[in-house]
Amino acid sequence: MEAGEAAPPAGTGGRAAGGWGKWVRLNVGGTVFLTTRQTLCREQKSFLSRLCQGEELQSDRDETGAYLIDRDPTYFGPILNFLRHGKLVLDKDMAEEGVLEEAEFYNIGPLIRIIKDRMEEKDYPVTQVPPKHVYRVLQCQEEELTQMVSTMSDGWRFEQLVNIGSSYNYGSEDQAEFLCVVSKELYSSPHGLSSESSRKTKLLQARGTRM
């Protein structure tokens, strides 16, 4: 029975060869693969789905009745496994380009997209961008200065201290006011600069220039 013929009557279609039973035999480049019709029909627009549904694709058969497909069997295994469980699993020495070529031949859309995404990730690796320095200017009184400097964390470091004079009276003593310049290195990520929690302090933020 050729691929384009109608299905046999009920009760006669249990063959494991390339007929109308549950099991389908494929001879890919001389290597025989045995799988189910359900697996091959998982991607409705694929060559394999059309083949096992009996569309006229002019596919010959070998002496066992298996469909003859003149393609490389090396890359057919991952394609068949993808149809079985929906995951792309490759040996470490297998070229993705070869699997992609076969996936395009068999017209398996989801697999084509997965392989192309993998290849793009390898072709365009995330490059290390030089860190961007962020500077903050914190205003504090003299009595707060020591505590503020000693409790700096999260990568912030002290850069410069500027005395802006005595602006406040505390009891009978004048309290000097300071501007404390601190800095931090931020590394770029796919979504921009790394985030950080906001601090409830009086500050001015200046990026890219020192005070």
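Everything that follows concerns the structure shown earlier in this document.
This structure is a prediction, so every number in the text was calculated from the model and none was measured. (Residues numbered from 1 in each chain as written. Predicted model: local features only at pLDDT ≥ 70, side-chain atom pairs only at ≥ 80, totals over all residues. Heavy atoms only, no water.)

Visitor: How would you summarise the side chain of Asp 62 if you had to cite specific residues and measurements?
Guide: Looking at where Asp 62 falls in the secondary structure, it is placed in the loop between α2 (47–52) and β3 (67–69). For the buried Asp 62, no salt bridge is present, and the opposite-charge side chain at shortest range is Arg 25, 6.4 Å distant. A polar contact is formed between the side chain of Asp 62 and the side chain of Asn 27, at a distance of 3.0 Å. In this view, Asp 62 contacts Asn 27 and Leu 68; residues no more than four positions away in its chain are not counted. (Helix = DSSP H or I, 4+ residues; strand = E, 2+ residues; numbered from the N terminus. Buried < 20%, exposed > 50% of the residue type's maximum accessible area, 1.4 Å probe, protein only. Lys, Arg positive; Asp, Glu negative; His and termini not counted. Salt bridge = Lys/Arg side-chain N within 4 Å of Asp/Glu carboxyl O. Polar contact = N/O pair within 3.5 Å; in protein donor to acceptor, adjacent residues only side chain to side chain. Contact = heavy atoms within 4.5 Å.)

Visitor: Explain the pattern of salt bridges to me, and be specific about the residues and the numbers.
Guide: The final tally for this structure, using the stated rule, is five salt bridges. A salt bridge links Glu 159 to Arg 157; the nearest nitrogen and oxygen atoms lie 3.2 Å apart. Given the relative accessible area of 24%, Glu 159 is considered partly exposed. Judged by its relative accessible area of 45%, Arg 157 falls in the partly exposed class. Several salt bridges share partner residues, and in doing so they unite Glu 96, Arg 118 and Lys 122 into one network.

Visitor: Tell me about the packing of aromatic side chains, and name the residues and values.
Guide: Enumeration over the complete set of coordinates arrives at five aromatic pairs. With 4.8 Å between their ring centres and 65° between their planes, Phe 33 and Phe 76 make a pair best called edge-to-face. One end of the pair, Phe 33, is in strand β2 (residues 31–36); the other, Phe 76, is in helix α3 (residues 76–85), with 43 residues separating them in the sequence. For Phe 76, a relative accessible area of 0% gives the class buried. Taken together, the aromatic side chains of Phe 33, Phe 47, Phe 76, Phe 105 and Tyr 106 make up a single cluster linked through ring pairs. The ring of Phe 105 has Arg 71 sitting right over it, with the charged end atom 4.0 Å from the ring centre. (Phe/Tyr/Trp six-rings, centres within 6.5 Å; stacked < 30°, edge-to-face > 60°. Lys NZ or Arg CZ within 6 Å of the ring centre and 35° of its normal.)

Visitor: Tell me what's going on with unusual backbone geometry, and back it up with residues and numbers.
Guide: Positioned with a positive phi, Asn 107 is a non-glycine residue whose angle comes to about 60°. Here Asn 107 is to be found in the loop between α4 (96–106) and α5 (109–123).

Visitor: So, the nonpolar core: which residues are in play, and what are the values?
Guide: In terms of nonpolar packing, the biggest core is built from 29 residues, with Leu 26, Leu 48, Ile 69, Phe 76, Tyr 106, Leu 111 and Ile 115 touching the most fellow members. Per-element accounting of this core gives the leading share, five residues, to α3. Setting aside chain neighbours within four positions, we find Ile 115 in contact with Leu 88, Glu 96, Val 99, Leu 100 and Ala 103. Counting eleven residues, the second largest nonpolar core, distinct from the first, contains Leu 145, Trp 156, Val 182 and Leu 186. (Core = buried A, V, L, I, M, F, W, Y, C linked by side-chain atoms within 4.5 Å.)

Visitor: Can you tell me about the environment of Leu 186, naming the residues and giving the values?
Guide: One can find Leu 186 in strand β6 (residues 173–186). Measuring from C-alpha to C-alpha, the distance between Leu 186 and Pro 131 comes to 5.4 Å, with 55 residues separating the pair along the chain.

Visitor: Any details on the sheet that holds β3? Residues and values, ideally.
Guide: Within the open sheet, the three strands sit side by side as β2-β1-β3. Their pairing is mixed. In this open sheet, the two strands that pair with only one neighbour each are β2 and β3. Averaged over all neighbouring strand pairs, the angle between strand axes comes to 30°, with direction disregarded. Bridge analysis of strand β1 (residues 23–28) against β3 gives three bridges, and the strand direction is parallel. Residue pairing in the sheet places Asn 27 in a bridge with Leu 68 of β3. Along the sheet, α3 contacts β1 and β2; its crossing angle with β2, the most-contacted strand, is approximately 5°. (Pairing = 2+ DSSP bridges. Axes fitted to C-alpha atoms, helices over the stretch in contact; angles between N-to-C directions.)

Visitor: Can you explain α5? Please cite residues and give values.
Guide: Along an α-helix, a turn takes 3.6 residues, which lines up residues three or four apart on a common side. For α5, spanning 15 residues, the distance from its first C-alpha to its last is 21 Å, which sits close to the expected 21 Å at 1.5 Å a residue. Regarding α5, the residues found buried are Leu 111, Ile 112, Ile 115 and Met 119. Across the axial projection of α5, the buried residues extend over an arc of 100°, all falling on one side. Exposed side chains of α5 directed beyond 90 degrees from the buried face belong to Arg 113 and Glu 121. Packed against the buried residues of α5 are α3 and α4. (Expected span 1.5 Å × (residues − 1). Arc of directions from axis to C-beta.)

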